[in-house]
Amino acid sequence: MEGEKPTTLVCTVLAINHTNLCYRVCAVCERTLPDNDPTSLCKFCNFNAFNSVSSGSKRLFRVLMSIASDTKVFTVICFDRMAKVIFGCSADEFFDFAKLHPFAAVSASRILEGEMFKLTLSKPKNGNAQHLRVVSVVPLRTGFQPAIATLRKLYGKRVGC
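Just so you know, these numbers come straight off a predicted model, no measurement behind them.

Here is what the cut-offs are and how they apply
Residue positions are given per chain, counting from 1 as you read along its sequence in written order. Per-residue local features of the predicted model are confined to residues with pLDDT of at least 70, and side-chain atom pairs are confined, for both listing and counting, to 80 or more; whole-chain, interface and lining totals are unaffected and use all residues. Calculated side-chain values reflect all of the structure's heavy atoms, with hydrogen atoms and water omitted. Burial status follows relative accessibility: with a 1.4 Å probe on protein chains alone, a residue under 20% of its type maximum counts as buried, one over 50% as exposed, and anything between as partly exposed. Segments assigned H or I by DSSP are reported as helices when at least four residues long, segments assigned E as strands when at least two residues long, and all are numbered from the N terminus. DSSP-based pairing: two strands are paired if at least 2 bridges between them are found. Take the buried residues of types Ala, Val, Leu, Ile, Met, Phe, Trp, Tyr and Cys, join any two whose side-chain atoms come within 4.5 Å, and each joined set is a nonpolar core. Note on contacts: a residue pair qualifies if any of its non-hydrogen atoms lie within 4.5 Å across the two residues. Here, a salt bridge means any Lys or Arg side-chain nitrogen found within 4 Å of an Asp or Glu carboxyl oxygen. Think of it as the arc spanned by the lines of direction from the helix axis to the C-beta atoms. Between rings of Phe, Tyr and Trp, where Trp is taken as its six-membered ring, a pair exists when centres lie within 6.5 Å; planes separated by under 30 degrees are stacked, by over 60 edge-to-face, and by other angles tilted.

(A) Region of the structure containing the pairing of strand S5 (residues 116-122). S5 sits mainly inside the fold: 5 of its 7 residues count as buried. Note: S5 against strand S6 (residues 132-139), 6 bridges, orientation antiparallel. The residue of S6 that forms the bridge with Leu121 is Val134.

The structure is reproduced here in structure tokens:
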């Protein structure tokens, strides 16, 4: 990718890192919270004098994936808004589904392998970030279904999923 302008390209998903698809954030300010302690609260929101109630948490997608264009293979990161297009649900919904179906993340990765998308990629704004960011995603297959739709068919739809 040349320069600072976002680049749009047609690509195929080669692989998705299914080991860590989401992370916890404060439901109010969306600051990152530790994944290893589900009881931890946001230090900013819970100590803010103007906040009379404690904040909860939610999950957001952070999907690391390998894609191939006609000339190059990239590793890119797809954050929540763009990942919702691919997965078809929120990170919390997917996490809850995966609790009932432990291999859902692996299956979602396999379902999405080979899918073609028109992606717009940009350089990260954070100087420490390593991967290009997906800022726009458009599925190219006419019959594309988000991963959760296929997973529900595969595992059978249950109440609350």
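Moving on, there is more to tell.
(B) Inspection of unusual backbone geometry at higher detail. Notably, Glu30 is not glycine yet its phi reads approximately 60°, a positive angle. Relative to the elements of secondary structure, Glu30 occurs in the loop between strand S2 (22-26) and strand S3 (57-68).

(C) Region of the structure containing the nonpolar core. Formed by 35 residues in total, the largest nonpolar core has its most connected members in Val63, Ile67, Phe87, Phe94 and Leu119. In contact with Phe87, other than residues within four places in its own chain, are Leu21, Phe61, Val63, Phe94, Ala108, Leu112, Pro146, Ala147 and Ile148.

(D) Examining the pattern of salt bridges more closely. Per the counting criterion, the structure on display carries 4 salt bridges. A salt bridge links Lys84 to Asp80, with the shortest nitrogen-to-oxygen separation between them at 3.4 Å. One end of the pair, Lys84, and the other, Asp80, are both in helix H1 (residues 80-87), 4 residues apart, so they sit about a helical turn from each other.

(E) Expanded view of H1. Those residues of H1 not exposed but buried are Asp80, Met82, Ala83, Ile86 and Phe87. Angular distribution of buried residues about the axis of H1 spans 160°; they occupy a single face of the element. Trailing H1 by a residue or two, Gly88 shows a phi angle of about 80°, which is positive.

(F) Region of interest: the packing of aromatic side chains. Scanning all chains against the criterion turns up 5 aromatic pairs. A ring pair is formed by Phe61 and Phe94, whose centres lie 6.3 Å apart and whose planes are at 50°; its orientation type is tilted. Note that Phe61 is positioned in strand S3 and Phe94 in helix H2 (residues 91-100), a separation of 33 residues in sequence. Residue Phe61 shares its accessibility class with Phe94, and that shared class is buried. Judged by centre distance (6.0 Å) and plane angle (65°), the rings of Phe97 and Tyr155 are edge-to-face. Of the two residues, Phe97 is situated in helix H2 and Tyr155 in helix H4 (residues 147-155); the sequence distance between them amounts to 58 residues. An aromatic cluster is defined as three or more aromatic residues linked by ring pairs; in this entry it consists of Phe61, Phe87 and Phe94.

(G) A look at the pairing of S2. In terms of burial, S2 is a largely internal element, 5 of the 5 residues being buried. Neither face of S2 is open: one carries Cys22, Arg24 and Cys26, the other Tyr23 and Val25, and all of them are buried. Both S2 and S3 contribute to a ladder of 5 bridges, which runs antiparallel. Bridge assignment links Tyr23 to a residue of S3, and that residue is Leu60.

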